[in-house]
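# Residue-level structural notes
Given next are the chains, with one letter for each unit.
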Amino acid sequence: MNVTNDEQERQVVSKQRVADHGEVYTAKREVNAMLDLVKEETERIDSRFLEPACGNGNFLVEILNRKMEAVRKQFSKNRFEYDLASAQAVSSMYGVELLPDNVEICRQRLFDTYKELYNSSPYGEDRGGLSLELERCIRFLLKKNILCGDALTMLQADGNPITFCEWTFIGLDGKVKRRDFELAELLKNVEYDKPKAGEEGLLFADTGEPTFVHLPKREYPLTDYLKLPDYE
């Protein structure tokens, strides 16, 4: 599903959608002004962002632009590290959206943005461009991280709990640990005793306080990041 620049800049798709869903997109200027308030975080490759009403992706696209610029600055001298860091950047962004068409548009816009930035990197089309394996990985991450549901009820469109994947990239050898958490559990913000060595805090923690959650709903074996789709 292709989206033109004019369509991306529109703040209202239709009066009916505004009446039915309160759908009004945030303009690019306002998006960047708000992101500048947390500028350092938007430029951290591993900093996680959750947009609970992501629409067609205006905030997430701009965050991806900033993260990919950080990838370019830090990892352009090594293709393996560049590919790995770019996948980590994508894996750190999450969205929930009520309308199915917006979900598809958001995922496609994020992929198109990623591909355009990748092809303008030192490993772009004149060096082979985006590999099929990496494209498959990026599309899988977007499918798992951008979900159709209601962040107020914390349910997906199919009635199941909104469940997000935590992707933990281990070192620079391409290994990733996946753990799945229900959003409702993550946002309980329950504090327990201090964790044992190796335990981690809240997936979307926004304070410096030690906040910990229940055990993950599901845990996957450590695997190569390009093979993540094989463990679905």
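Here, the structure is the one placed above.
We now turn to the structure provided with this report. (Residues numbered from 1 in each chain as written. Predicted model: local features only at pLDDT ≥ 70, side-chain atom pairs only at ≥ 80, totals over all residues. Heavy atoms only, no water.)

### Thoughts on the pattern of salt bridges
Let me state the cut-off plainly: Just to be clear on terms, a salt bridge is a Lys or Arg side-chain nitrogen sitting within 4 Å of an Asp or Glu carboxyl oxygen. In this description a helix means any DSSP run of H or I spanning at least four residues, a strand means any run of E spanning at least two, and both kinds are numbered starting from the N terminus. Under the scheme applied here, a residue whose accessible area is under 20% of the maximum for its type counts as buried, over 50% as exposed, and between as partly exposed, the area being computed with a 1.4 Å probe on protein chains only.
Evaluation of the coordinates by the stated rule reveals 14 salt bridges. The residue Glu135 makes a salt bridge to Arg139 at a minimum N-O spacing of 3.2 Å. You can see Glu135 and its partner Arg139 sitting in helix 8 (residues 132–145), four residues apart, about one turn around the helix. When its relative accessible area of 36% is taken as the criterion, Arg139 is described as partly exposed. Linked by salt bridges that have partners in common, Glu41, Arg44 and Asp46 make up one network.

### Considering the environment of Asp230
As for its placement among the helices and strands, Asp230 is situated in the segment after strand 8 (223–224). Taking C-alpha positions, Asp230 is 9.9 Å from Phe140, a pair spaced 90 residues apart along the chain.

### Regarding the packing of aromatic side chains
Put simply, the rule is: Two aromatic rings from Phe, Tyr or Trp, using only the six-membered ring of Trp, form a pair when their centres are within 6.5 Å; if the ring planes differ by under 30 degrees the pair is stacked, by over 60 it is edge-to-face, and anything between is tilted.
Taken as a whole and assessed by the stated rule, the structure comprises five aromatic pairs. With 5.6 Å between their ring centres and 70° between their planes, Tyr82 and Tyr118 make a pair best called edge-to-face. Here Tyr118 lies in helix 7 (residues 100–119) and Tyr82 lies in helix 6 (residues 79–91), a separation of 36 residues in the sequence. Judged on exposure class, the residue Tyr82 and its partner Tyr118 are both buried. On the numbers, 5.1 Å between centres and 75° between planes, the contact of Tyr94 with Phe164 is edge-to-face. Here the residue Tyr94 occupies a position in strand 2 (residues 93–97), and Phe164 occupies one in strand 5 (residues 163–170), the gap between them amounting to 70 residues. You can call Tyr94 buried: its relative accessible area is 0%.

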